[in-house]
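Commentary on secondary and tertiary structure
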Protein chains: 2
Amino acid sequence: MNLILIQPEEVQAGQVRLTDRRADHLRKILKVREDDTVRVGVVGGLMGSGTICGIAQNEVVLQVKLDTPPPAKLDVDLILALPRPIMLKRVLAQVAAMGVRHLFLVNANRVEKSFFDASPVKDGGFLTFLENGLEQAVDTILPTISVHPRFKPFIEDVIPARVAACKLIAHPDGGVNLAERIDAATESGTTLLAIGPEGGWIDYEVVKFQDAGFQPFSLGPRILRVDTAVPAIIAQIDFALQRKASRLR
Amino acid sequence: MNLILIQPEEVQAGQVRLTDRRADHLRKILKVREDDTVRVGVVGGLMGSGTICGIAQNEVVLQVKLDTPPPAKLDVDLILALPRPIMLKRVLAQVAAMGVRHLFLVNANRVEKSFFDASPVKDGGFLTFLENGLEQAVDTILPTISVHPRFKPFIEDVIPARVAACKLIAHPDGGVNLAERIDAATESGTTLLAIGPEGGWIDYEVVKFQDAGFQPFSLGPRILRVDTAVPAIIAQIDFALQRKASRLR
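Residues numbered from 1 in each chain as written. Chains lettered and ligands numbered in written order. Predicted model: local features only at pLDDT ≥ 70, side-chain atom pairs only at ≥ 80, totals over all residues. Heavy atoms only, no water.

Side note on the pattern of salt bridges
As enumerated under the stated definition, the model contains 30 salt bridges over all chains in all. A salt bridge links B:Glu156 to B:Lys152; the shortest N-O distance between them is 3.7 Å. Of the two residues, B:Glu156 and B:Lys152 both sit in helix H4 (residues 151-158), 4 residues apart, roughly one turn of that helix. Given the relative accessible area of 36%, B:Glu156 is considered partly exposed. Members of the salt-bridge network, linked through shared partners, are A:Glu10, A:Asp20 and A:Arg22. (Salt bridge = Lys/Arg side-chain N within 4 Å of Asp/Glu carboxyl O. Helix = DSSP H or I, 4+ residues; strand = E, 2+ residues; numbered from the N terminus. Buried < 20%, exposed > 50% of the residue type's maximum accessible area, 1.4 Å probe, protein only.)

Describing the domain arrangement of chain A
Residues and elements named next belong to chain A. Domain parsing of chain A yields domain 1 (4-68) and domain 2 (76-248). Taking only C-alpha atoms into account, the centre of domain 1 sits 34 Å from that of domain 2. The interface of domain 1 with domain 2 comprises 11 residues on the first partner and 9 residues on the second. Summed over both sides, the interface of domain 1 with domain 2 buries roughly 780 Å², with 60% coming from carbon and sulfur. Three residues stand out in domain 1 for area buried against domain 2, namely Leu5, Arg21 and Met47, and they jointly supply 57% of the buried area on that side. Where domain 1 touches domain 2, the interface holds 1 salt bridge. For Arg21, the salt bridge is made with Glu135, and the minimal N-O distance between the two is 2.6 Å. Where domain 1 touches domain 2, the interface holds 4 residue pairs in polar contact (both at pLDDT 80 or more). For the side of domain 1 that touches domain 2, a count of residues per class yields 5 nonpolar, 4 polar and 2 charged. (Domains from an automatic or database assignment. Contact = heavy atoms within 4.5 Å. Buried area = accessible area lost by both parts, 1.4 Å probe. Polar contact = N/O pair within 3.5 Å; in protein donor to acceptor, adjacent residues only side chain to side chain. Nonpolar A, V, L, I, M, F, W, Y, C, P; charged D, E, K, R; others polar.)

Let's talk about the side chain of A:Gln94
On the secondary structure map, A:Gln94 appears in helix H2 (residues 85-98). A residue is classified by how much of its surface remains accessible, and A:Gln94, at 3% relative accessible area, is buried. Within the local environment of A:Gln94, its side chain forms a polar contact with the backbone oxygen of A:Asp227, the two atoms lying 2.9 Å apart. Not counting residues within four places of it along the chain, the set of residues in contact with A:Gln94 comprises A:Asp227, A:Val230, A:Pro231, B:Asp227 and B:Thr228.

Here's the deal with the confidence of the model for chain A
Per-residue confidence for chain A averages 93 on the pLDDT scale, and 98% of its residues sit at or above 70. ipTM for the predicted complex: 0.93, alongside a pTM of 0.94. (pLDDT = per-residue confidence, 0-100.)

Now the structure itself:
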């Protein structure tokens, strides 16, 4: 936890009174004392410092000063074939930590139907995992999430309504690599990135993505698990976008 | 499991008899039948196909044909401050899957001493996790691993003996980004990459790395957990090396 994340309504007269796992973390892991300062951030708002002004058995009181904007989001929306629950939890934290703006969790032929009935998808319990990612990365802006249990309406109706400068689908037979795809995009703006399930997209899905304007790219011969592929591909897009921006400047 | 990994001594007269989790995987997950073929690979050797020629309650017999070299390794050696055991297991699989050549697991001021006494470090039980990575990525060449419980002899004696074209240390205050560092390296060859512990390297360690020729680079304002930082940074190095190679061609 590199940031103590607080809800807007918890700040009262410049102070926050914590009694949950955040208080435990401050007392037992960071072993704070009075007058120590820690990094704090308000969900959806500014970051800054919190000065410890009271510690008791079960609570920690902080005087907060909020003066720093959170880091810029990555201009990437991620379309992810719904992974198995244990992997989803991990990927939610990764996606929040890396600054993805929006996550589409979609069905695909090789997604097990039971995944849609599993926690956290069924109970909408994404928040804990996303907040863990923000606490790790030092950010306050949650990614937004939408769940799409049917592929066809997603690709035919939802996607055409999104504005994107570059639409990419990771696919082993994609041929061209990511750098060429990103350099070829003439507009600047959001990158829409689609990453498939274990076993990959089926041909029908790839064709539908291509009909919707997505360009396939290959990551090379290695097949990465979703919790490795997601940070790897997002990091490469970030890298390519930064290079492109610095050349255009 | 995208590849059935077999040991060299298991191949006899072109056949392999499996009775362990690999047989279970073939029977219960892949639900193979006679004459089906699956991808196989011999640890340290060639890959190819295995044709099912016998299935019984507890065993599967494959006729193997080995004719394909494994994918090229990434020309990257990773120096990693020893992470907590649960994270280490995950990172071992990631490192193997991404094709890293050598992994140095090193001590640092912010590494808890108990991590060196924990499994898999104490019992040398790295193999299972590395093999999981190869089975996922479709590769047969294991990364090599060395464990360095003392930082000073590692940085003063071990590192100077390594030949590397580019030595990089991930550090929040690194300023310059990865692309500039890699483009500036005039030789081609191995990249030595150092990634710190939770909480980062201390100043003494950064200075020692710099004395040993390492250049710091920054990943930006976000602090990533080791299982996100490792694939993200390795993917960016892979990307930068590929671009550099294509420009030099």
